[in-house]
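# Survey of secondary and tertiary structure
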Amino acid sequence: MMRRRDVLAAVAGTGVIWPSSLAAQQMTQRPRVGVLVYGTPDRDPSIQAFLRSMRELGYIDGQNITYEFRSAEGKPERLPGLAVDLVQLKPDVLFASGGDVTPWIAKATQTIPIIYSSSADPVTMSLAVSLAKPGGNATGVTLLSDELAAKRIQLFKAAVPRISRVGFLRDPTHADNEEPIAQRSAVALGVEIHPVPVRGSADLDQALTAAAEARIDGLYVVSSRHTALNIRRIVDFATKNRLPLVGGWGEWVQWGGLLSYGPNTADMIRQSATYVARVLKGEKTSDLPVQQPTRFELHINLKTAKAFDLTIPEAFILLADRIIE
């Protein structure tokens, strides 16, 4: 009789793969996606939207894909180290959500493909040579569309004709050009823009107090990580001071702001998931242009209008993609 090791050697020579070896091989072949998160995956709506989109594309965690998460838990100083840690795992693709997260991933590797979703300008942040031909190992989607600033001011004035001094709440470290574009549009409409810079949660109350003392009669919020994280506080301030508020996308209206005009964020995150899937199938990031929104939605909160004794023109309401009553 042949000894056991002789049998194993003979089988190995035939190329037969034992079940345990097959499982190991499948584990090796399963693609891995590294995900750097500013907060935590379970509480970050963008990350949850990304994972849903990946499932819709057929990628099921634990079956045919593996995710490696690194979470800063809202502490930006942790991002550089976490990015390096994630890169050392050598995933097939890296996904970064947010303009404050993406640069650290980009600094940590020039070889692993990076897909990002950001509200900031990737060219200004040196993440792309151009939107059409990003070059390098990073591409993705940007929610930024600077020209929308003029349109938002125009819509704001059309909905609330009485506004004349609008507080412009913005993080100065966020890479966008909304303020000068909004300024030019506002001048043409007889509206004054009052800058309200805010760099984080710690100085938000002071910034809002200064805005109230400046006697603003409306509030324009540039969506960024810091403003989105403080959406409740900002909307509560606007409600308390009876200030109509316009924001970049629908979440501001859902929380009680008067208007929003901008891209559907879920659609844009779905596009970034599509890019991850395409890279996993062999496409190169340098061949994938940075995507910008092409469809924009107007949301109106009529409950807020009623609370502020505002009468929104019927013709304006008919323009809305979504109305909260």
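Residues numbered from 1 in each chain as written. Predicted model: local features only at pLDDT ≥ 70, side-chain atom pairs only at ≥ 80, totals over all residues. Heavy atoms only, no water.

### Some words on helix α8 (residues 204-213)
For α8, the complete set of buried residues consists of L204, A207, L208 and A211. Buried residues of α8 fall within an arc of 95 degrees about the axis and therefore sit on the same side. α8 presents Q206 and E213 as exposed residues on the side facing more than 90 degrees away from its buried surface. Where α8 is buried, its residues contact β6 (165-170), β7 (192-197) and α10 (231-240). Trailing α8 by a residue or two, R215 shows a phi angle of about 60 degrees, which is positive. (Buried < 20%, exposed > 50% of the residue type's maximum accessible area, 1.4 Å probe, protein only. Helix = DSSP H or I, 4+ residues; strand = E, 2+ residues; numbered from the N terminus. Arc of directions from axis to C-beta. Contact = heavy atoms within 4.5 Å.)

### Looking at the packing of helix α3 (residues 45-56) against helix α12 (residues 265-280)
Put simply, α3 and α12 touch, their axes get as near as 8 Å, and they point 55 degrees apart. Taken together, the axis directions place α3 and α12 in an arrangement best described as oblique. The two elements α3 and α12 meet at a crossing, and its hand is right-handed. For the pair α3 and α12, contact is made by S46, A49, F50, S53, M54 and E56 and by I269, R270, S272, A273 and V276, respectively. Each residue belonging to the contact of α3 with α12 can be placed in one class, and the counts come to six nonpolar, three polar and two charged. (Axes fitted to C-alpha atoms, helices over the stretch in contact; angles between N-to-C directions. Parallel < 35°, antiparallel > 145°, perpendicular 65-115°, else oblique. Left-handed = near helix turned anticlockwise from the far one by under 90°. Nonpolar A, V, L, I, M, F, W, Y, C, P; charged D, E, K, R; others polar.)

### Considerations on the sheet that holds strand β8 (residues 218-221)
Ordered by their spatial adjacency, seven strands build an open sheet running β7-β6-β8-β9-β10-β11-β12, and the pairing between neighbours is mixed. Whereas interior strands pair on both sides, the edge strands pair on one side only; in this sheet they are β7 and β12 (322-324). Put simply, the sheet's adjacent strands are angled 20 degrees from each other on average, direction ignored. Of the pairings in the sheet, the one linking β6 to β7 comprises six bridges and is parallel in character. Its bridge partner lying in β7, R170 is registered against P197. (Pairing = 2+ DSSP bridges.)

### Remarks on the confidence of the model for the chain
Per-chain confidence: the chain averages 89 in pLDDT, with 91% of residues scoring 70 or above. Below pLDDT 50 for its whole length, residues 1-27 participates in six contacts with residues either more than four positions away or in separate chains. (pLDDT = per-residue confidence, 0-100.)

### Thoughts on the nonpolar core
Ranked by internal contacts, the top residues of the largest apolar core, which has 32 residues, are Y220, L259, I312 and F316. For this core, the secondary structure elements donating two or more residues are α6 (148-159), β6, α7 (178-189), β10 (259-263), β11 (296-301), α13 (302-307) and α14 (314-317). Considering each element in turn, this core owes the most residues, seven residues, to α6. Aside from chain neighbours lying at most four places away, what touches F316 is L155, A158, A159, L259, L298 and I300. (Core = buried A, V, L, I, M, F, W, Y, C linked by side-chain atoms within 4.5 Å.)

### Describing the pattern of salt bridges
The tally for this structure, following the rule as stated, stands at 15 salt bridges. Two residues, E68 and R32, come together in a salt bridge whose shortest N-O distance is 3.6 Å. Of this pair, E68 sits in strand β2 (residues 66-71) while R32 sits in strand β1 (residues 32-37), placing them 36 residues apart in sequence. The exposure class of R32 is partly exposed, given its relative accessible area of 25%. (Salt bridge = Lys/Arg side-chain N within 4 Å of Asp/Glu carboxyl O.)

### Side note on unusual backbone geometry
Positive phi is not limited to glycine here, since E73 has a value of about 55 degrees. Inspection of the secondary structure assignment puts E73 in the loop between β2 and α4 (79-88). For E73, a relative accessible area of 48% gives the class partly exposed. In this model, R215 sits at a positive phi of 60 degrees, which is unusual for a non-glycine residue. Looking at where R215 falls in the secondary structure, it is placed in the loop between α8 and β8.

### Concerning the pairing of strand β5 (residues 138-142)
A large share of β5 lies buried, amounting to five of its five residues. As judged from the five bridges shared by strand β4 (residues 114-118) and β5, these two strands associate in the parallel manner. Its bridge partner being in β5, Y116 is matched across the sheet by G140.

### Description of the packing of α8 against α10
At a minimum axis distance of 11 Å, the contact between α8 and α10 shows a crossing angle of 20 degrees. Taken together, the axes of α8 and α10 lie roughly parallel to each other. For the pair α8 and α10, the sense of crossing is right-handed. Across the interface between the two elements, L204, D205, L208 and A212 of α8 pack against R233, I234 and F237 of α10.

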